Amino acid sequence: MRLTVLGGCGAWPTADQACSGYLVEYAGFRLLVDPGYATLPRLLDHVTVDAVDAVLISHGHPDHCADLNPLLRARGLSDDPPPALPVHAPHGAVDAVLALDRPSMLADAYRLHEFAPGDRFDIGPFTTDTWLLPHFVPNAGIRLATPGSVLAYTGDTGPSPDIPRLAQGADLFLSEATYTHRVPTADAPYLLTARLAGQYAHRAGAARLLLTHLWPGTDPAIAREAAAEAFEHPVGVATPGLVAQLG
């Protein structure tokens, strides 16, 4: 399995960083996870739009799904449209994005497969397990498994005893880390710190930790240091173009 980071900025994109977006590849299958703001141009650095085999979305905030719209436009309005793109998302998560165009315009460009966090299903060669993790809207923690590797991804989440279960023994744990050491009180049930991400990675016995969804302007070095207080294995920060081989 190979993960390519398209972006990892929380809330809104910056001049040099798109929001959450990840290309996961295995056995020739290309899965786009969380096409957030500004991720489509970064995707095009690596593959053409018709090379994407499926999309998986953790939750309905636009910094995780907004660029589904231009992706579908680029496919559906082309001179030779590719087959309908399978889009897997929690119930209602992409309603607002799909409503940006009249229903008939992109109707043939995608096939929506809605799921409830907690469901298990297959996407191509990936066995996909999901957990309902706490956030401002329903959010699915995602565990993608192949015969030789496991990628665990939190989406956006607050503290939860399910996070170490999600990341148990993962080759790579991709964890939201909006803040470094402390979450403001109002957001505390719904977001994590890098320090807590490190603690969860340690409890889960993950091999590697990759921090993502950092608040714009956060110093990546400080986030890495906070996570490393509890996690003794490699810690990185999701930046565009970063490639991780799993298994």
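Description of the structure in this document. Every value quoted in this text rests on a predicted model; they were computed, and no experiment measured them. (Residues numbered from 1 in each chain as written. Predicted model: local features only at pLDDT ≥ 70, side-chain atom pairs only at ≥ 80, totals over all residues. Heavy atoms only, no water.)

### So, the sheet that holds strand E7 (residues 120-123)
Phase 1 of the analysis: Read from one edge of the open sheet, seven strands run E7-E8-E9-E10-E11-E12-E13, paired in mixed fashion. In this open sheet, the two strands that pair with only one neighbour each are E7 and strand E13 (235-237). The mean inter-strand angle of the sheet, taken between neighbouring strand axes irrespective of direction, is 20°.
Phase 2 of the analysis: Where strand E9 (residues 139-146) meets strand E10 (residues 149-153), five bridges bridge the pair, whose relative direction is antiparallel. The residue bridging alanine 145 from the neighbouring strand is valine 150, located in E10. (Pairing = 2+ DSSP bridges. Helix = DSSP H or I, 4+ residues; strand = E, 2+ residues; numbered from the N terminus. Axes fitted to C-alpha atoms, helices over the stretch in contact; angles between N-to-C directions.)

### Examining the pairing of strand E11 (residues 172-176)
Phase 1 of the analysis: Within E11, five of the five residues are buried, leaving the element largely enclosed by the surrounding structure.
Phase 2 of the analysis: Burial along E11 is two-sided: the face carrying Leu172, Leu174 and Glu176 and the face carrying Phe173 and Ser175 are both buried.
Phase 3 of the analysis: In the sheet, E10 pairs with E11 via three bridges, with the strands oriented parallel. Residue pairing for E11: tyrosine 153 is matched across the bridge by leucine 174.
Phase 4 of the analysis: With four bridges connecting them, E11 and strand E12 (residues 209-212) associate as parallel partners. Each bridged residue has a counterpart across the sheet, and for leucine 174 the counterpart in E12 is leucine 210.
Phase 5 of the analysis: In this fold, the crossover linking E11 to E12 by way of helix H6 (residues 194-204) has right-handed handedness. (Buried < 20%, exposed > 50% of the residue type's maximum accessible area, 1.4 Å probe, protein only. Right-handed = clockwise from strand over helix to strand, strands pointing away.)

### Digging into the packing of H6 against helix H7 (residues 220-228)
Phase 1 of the analysis: Look at H6 against H7: their axes get within 7 Å of each other, and the N-to-C directions meet at 40°. It follows that H6 is oblique to H7 by the angle criterion. As H6 runs across H7, the sense of the crossing is right-handed. Contacts between H6 and H7 involve Ala194, Arg195 and Gly198 on the former and, on the latter, Ala223, Ala226 and Ala227.
Phase 2 of the analysis: When grouped by side-chain class, the residues that make up the contact of H6 with H7 number four nonpolar, one polar and one charged. (Parallel < 35°, antiparallel > 145°, perpendicular 65-115°, else oblique. Left-handed = near helix turned anticlockwise from the far one by under 90°. Contact = heavy atoms within 4.5 Å. Nonpolar A, V, L, I, M, F, W, Y, C, P; charged D, E, K, R; others polar.)

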